[in-house]
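# Topology and contacts: notes
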Amino acid sequence: MLLQLDTDTEVNRDHDFDRVRATFSVHWPEAKLADINHIGSCDNDIYLVSLVDPVVASTKNISRVAIRYPVLSISERPHQHNSEHQAWVSRQWEKCGVPVPVVLKVSNEHDFLIEEAIDGKELALFPNEVVNKLWPKVGEYLKDMHQVKTSLFGHFSSSPGVGTKNTWLDFIDELFLARLNVIHTEGVWQDDFYNRILSVYNKHKNYLLNFSDPGLIHGDINQTNVFAVEDGAEVRVSGIIDFSDCISGDQLYDLGGLLIEASVKEDPQWENIEMVLKGYGPLTPHQEELVKFYALVVTVYYLCEDMEVRKKRIPKYTRKAEVLLSWMNRVRT
């Protein structure tokens, strides 16, 4: 999908390269573009842009940038998808010393975010033995990220870092309990399995109701949103990206998501969390149980998509839930 701007290369019209050129022309005319590459689309439509001349920002010489356009219209999307919300998150974590993209230009009005393109490639593209060596550093950065405190709970309001729910329980009920009930009503999970999951929720319900120390949660830490670069014989973590799923709440939620997403294997692997904790720091037994519960929350969330997607995911995520339930109250040695 590469467009060389100084040639007559045919443009793939599935991607709006003209929009990218127009955005730079109006909002950053001094930046001269060498080429554009469409690299993905989910919450944001993302283009990688190489510059003819590097720009200096935050003491860095930046020659490649990413431009993000939120996919949904401003009236349809959650506030955390807004360009300025994503930029706010990036700036908070940059202050904490986390390798996140430097924000260069941003506008909610014109619906774009231009940021530094992180060097390297996704962890998912490295051999598993290399990734395992990097998890402790990811844990260090995650600990730094969790220094940022927020207010209220759940999805962001129109103010970055301010949630829309009065309690963490309110958010979990919306994210997890409502979806669990849908899955049960549609017969995906039978009564016994549903009741086992519900009993785990009820065990933590009082904690969720009274939790009062909300912080900034990434919400999607996984092997595709952590980048690493080969530096001679070593491989090092080069950046953490993608802040459109950030929420406010119990930051142990990020570890629950990692428990589901960190492994290349189908089953959750607690060993991955142990490697992350070498950098993050130890957990109490109660915190370990919460991480497992949040992994269950993420499992239910991923399963409860539209029906066609759900049919394909049922075996995979049912298995994940079975493994997590088998761990509940298990004493590790």
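Described in the following lines is the structure provided in the data block. This is a predicted model, so every value here is computed, not measured.

Our focus in this paragraph is the side chain of T167. Following the sequence through the fold, T167 ends up in the loop between β9 (163–165) and α4 (168–185). Separated by 2.9 Å, the side chain of T167 and the backbone nitrogen of D170 make a polar contact. The residues touching T167, leaving out its near neighbours within four places in the chain, are F153 and L209.

A word on the packing of aromatic side chains. Using the criterion set out here, one finds 18 aromatic pairs in the structure. Ring geometry for F24 and W28: centres 5.8 Å apart, planes at 15°, overall stacked. With a centroid separation of 6.2 Å and an interplanar angle of 85°, the aromatic rings of W168 and Y253 are classed as edge-to-face. Separated by 85 residues along the polypeptide, W168 in helix α4 and Y253 in helix α6 (residues 252–261) bring together distant segments of the chain. Assessed through its relative accessible area of 7%, Y253 is described here as buried. Cluster of aromatic residues (ring-pair linked, three or more members): W168, F171, F176, Y201, Y253, F293 and Y294. Directly above the aromatic system of Y69 lies the positively charged group of R19, at a separation of 3.7 Å from the ring centroid.

On to the pairing of strand β2 (residues 33–41). Across 7 bridges, β2 lies against strand β3 (residues 44–57) in antiparallel orientation. Its bridge partner lying in β3, G40 is registered against I46. Linkage of β2 to β3, two consecutive antiparallel strands, is achieved through a turn of 2 residues.

Attention now goes to empty space enclosed by the protein. What the rule picks out here adds up to 1 cavity of 30 Å³ or more. Each pocket or cavity is described by its volume, and for the largest cavity that value is around 40 Å³. In terms of lining residues, the largest cavity is bounded by R68, Q86, L113, E115, D242 and F243. Its residues placed into classes, the lining of the largest cavity shows 2 nonpolar, 1 polar and 3 charged.

Parameters at a glance
Residues numbered from 1 in each chain as written. Predicted model: local features only at pLDDT ≥ 70, side-chain atom pairs only at ≥ 80, totals over all residues. Heavy atoms only, no water. Helix = DSSP H or I, 4+ residues; strand = E, 2+ residues; numbered from the N terminus. Polar contact = N/O pair within 3.5 Å; in protein donor to acceptor, adjacent residues only side chain to side chain. Contact = heavy atoms within 4.5 Å. Phe/Tyr/Trp six-rings, centres within 6.5 Å; stacked < 30°, edge-to-face > 60°. Buried < 20%, exposed > 50% of the residue type's maximum accessible area, 1.4 Å probe, protein only. Lys NZ or Arg CZ within 6 Å of the ring centre and 35° of its normal. Pairing = 2+ DSSP bridges. 1 Å grid on protein atoms, 1.4 Å probe; cavity = no way out; pocket = protein on both sides within 12 Å on 5 of 7 lines; lining within 4 Å. Points joined across faces, edges and corners; volume = space filled by probe spheres on them. Nonpolar A, V, L, I, M, F, W, Y, C, P; charged D, E, K, R; others polar.

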